[in-house]
Amino acid sequence: MTRCAKNALAIAAALTAVVAVAAGIARQNVSIDVTDYKYKSKKVSSELSGFKIAHISDLHNRRFGDENAYLIDKIKACEPDIIVISGDLLDSRHTDIEAAVEFAASASEIAPVYYTTGNHEQRFSQSELSYFLDRLRDAGVIVLEDEAVELSNGMRLVGLSDKSVGTDVLPKLLSQGSHEELTLLISHKPHYAQWYADCGADLTFCGHAHGGQVIIPFVGGLIAPDQGLFPKLTQGLHYYGNSATVISRGLGNSLIPIRINNPPELVIVTLESLPE
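Below is a short write-up of the structure.

Here is what the cut-offs are and how they apply
- Residues numbered from 1 in each chain as written.
- Predicted model: local features only at pLDDT ≥ 70, side-chain atom pairs only at ≥ 80, totals over all residues.
- Heavy atoms only, no water.
- Core = buried A, V, L, I, M, F, W, Y, C linked by side-chain atoms within 4.5 Å.
- Buried < 20%, exposed > 50% of the residue type's maximum accessible area, 1.4 Å probe, protein only.
- Helix = DSSP H or I, 4+ residues; strand = E, 2+ residues; numbered from the N terminus.
- Contact = heavy atoms within 4.5 Å.
- Arc of directions from axis to C-beta.
- Patch = residues over 30% accessible without salt bridge, like charges linked within 9 Å, V, L, I, M, F, W, Y side chains within 5 Å.
- Areas by Shrake-Rupley, 256 points an atom, 1.4 Å probe, with all protein chains shown as cover.
- Salt bridge = Lys/Arg side-chain N within 4 Å of Asp/Glu carboxyl O.
- Pairing = 2+ DSSP bridges.
- Expected span 1.5 Å × (residues − 1).
- Polar contact = N/O pair within 3.5 Å; in protein donor to acceptor, adjacent residues only side chain to side chain.
- Axes fitted to C-alpha atoms, helices over the stretch in contact; angles between N-to-C directions.
- Parallel < 35°, antiparallel > 145°, perpendicular 65-115°, else oblique.
- Left-handed = near helix turned anticlockwise from the far one by under 90°.
- Phe/Tyr/Trp six-rings, centres within 6.5 Å; stacked < 30°, edge-to-face > 60°.

## Focus on the nonpolar core
So, point 1. In this structure, Phe103 and Leu136 are the most contacted members of the largest nonpolar core, which totals 31 residues.
So, point 2. Elements with a contribution of two residues or more to this core: β2 (52-56), α2 (69-78), β3 (82-86), α3 (97-108), β4 (113-116), α4 (126-138) and β16 (265-273).
So, point 3. The contacts of Leu136, once residues within four sequence positions are left out, are Leu89, Val101, Ala104, Tyr115, Val141 and Val143.
So, point 4. The next biggest cluster of nonpolar side chains, apart from the first, holds 23 residues, and it includes Val84, Tyr114, Leu157 and Ile186.

Given below as structure tokens:
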């Protein structure tokens, strides 16, 4: 084989490798991983054991198929008892309220949907945000902006708006419930996980970190907002004593438009009781 032919073959091989990598990354960004966690606690009654929660975060106006049919089908197949959305349904850089409301309405047909805001929603004016939240309510979503609701079988759900993270709002909300209840919290930012536990939340649902955007094998996420390089809290179920925070890698993208080794994620948490 001539040197010219060898060079051409090497170039072709290199281009093939680049195309294969690019295709693999592209597939990662359109597929959806379903990640299952089990949360075990003595506060989970026998009636609650097996209760299933679907966790959506950081959709950022993205559509997976026409009218988000691919995502909706994924959620429906999991048969959740409730759906919680931990913020950033909208993206402040390319806002599409109709896409967000469309998704919320379809999700509400599967199970009750509970939502609180992320940092992107909080960038809007009060009138713009109020309009969006009213549209969500019209779509059947229970909006929890610094509010709590009682659920069945000794369970309470609290929604902490992004603007209230780190303030005295959460301790006040949590003090209104019974210590015997299982208290679920929806809050956007995961780097407050220890604080959520210290305030008394039993199980907290967060997003915001986008899985660290690029996941380096054996290292973890590369970068996350408010955590910088090599962040510690980007995905998974993290325990703080008897409390836990589950962090979704999220579904959409924002400032950084691509994920690497980090497919969009739908999280399912199943509650399990522990013997006294």
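Next comes the rest of the write-up.
## Section: α2
So, point 1. Of all the positions in α2, only Leu71, Ile72, Ile75 and Cys78 are classed as buried. For α2, the angular spread of the buried residues around the axis is 125°, confining them to a single face.

## Observations concerning a nonpolar patch on the surface
So, point 1. A cluster of nonpolar side chains, contributed by Phe218, Val219, Ile223, Leu229, Phe230, Leu255, Ile256 and Ile258, occupies part of the molecular surface with about 890 Å² of accessible area.
So, point 2. Of note, Phe218 is situated in the loop between β10 (215-216) and β11 (220-221).
So, point 3. For Phe218, a relative accessible area of 91% gives the class exposed.

## Quick word on the sheet that holds β2
So, point 1. As summarised here, the arrangement of the six strands in space is β1-β16-β2-β3-β4-β5, forming an open sheet in which the pairing is mixed. The open sheet is flanked by β1 (33-41) and β5 (142-143), the only strands paired with a single partner.
So, point 2. Bridge analysis of β1 against β16 gives nine bridges, and the strand direction is parallel. Of the residues in β16, the one forming a bridge with Lys38 is Thr270.

## Here's the deal with α3
So, point 1. Helix length check: α3, at twelve residues, gives a terminal C-alpha distance of 16 Å against a target of 16 Å (1.5 Å per residue), a fit within 8%.
So, point 2. The complete set of buried residues in α3 reads Ala99, Ala100, Val101, Phe103, Ala104 and Ala107.
So, point 3. Lining the buried residues of α3 we find β2, α2, β3, β4 and α4.
So, point 4. Two or three places before Glu98, at the opening of α3, Asp96 has a side-chain oxygen 3.3 Å from that residue's backbone nitrogen.

## Examining the side chain of Gln213
So, point 1. With respect to the secondary-structure elements, Gln213 resides in the loop between β9 (203-206) and β10.
So, point 2. Looking at Gln213, the relative accessible area reads 7%, which means it is buried.
So, point 3. Leave out the neighbours within four places in its chain, and Gln213 touches Ile223, Asn253, Ile256, Ile258, Arg259, Ile260 and Asn262.

## Section: the packing of α2 against α3
So, point 1. α3 packs onto α2 with a crossing angle of 25° between their chain directions and a minimal axis gap of 10 Å. Between α2 and α3, the angle falls in the class roughly parallel. In the packing of α2 onto α3, the handedness of the crossing is right-handed. For the pair α2 and α3, contact is made by Leu71, Ile72 and Ile75 and by Phe103, Ser106 and Ala107, respectively.

## Considering the pattern of salt bridges
So, point 1. Scanning the model with the defined rule gives 13 salt bridges in all.
So, point 2. Salt-bridge contacts for Glu272 lead to Lys38; the nearest nitrogen and oxygen are separated by 3.6 Å. With Glu272 in strand β16 and Lys38 in strand β1, this residue pair connects regions lying 234 residues apart in the sequence.
So, point 3. We classify Glu272 as partly exposed; its relative accessible area is 22%.
So, point 4. A cluster of three or more residues bridged by salt bridges with shared partners is formed by Asp33, Arg249 and Glu265.

## Focus on the packing of aromatic side chains
So, point 1. Applying the stated criterion to the full structure yields five aromatic pairs.
So, point 2. Here a set of aromatic residues connected by ring pairs shows up, and it is made of Tyr192, Trp195 and Tyr196.

## Quick word on the pairing of β16
Walk down a regular strand and you will see the side chains alternate between the two sheet faces.
So, point 1. Most of β16 is tucked away, with seven of its nine residues classed as buried.
So, point 2. Taken together, the four bridges between β2 and β16 define a ladder with antiparallel strand orientation. Considered in β16, the bridge of Lys52 is made with Thr270.

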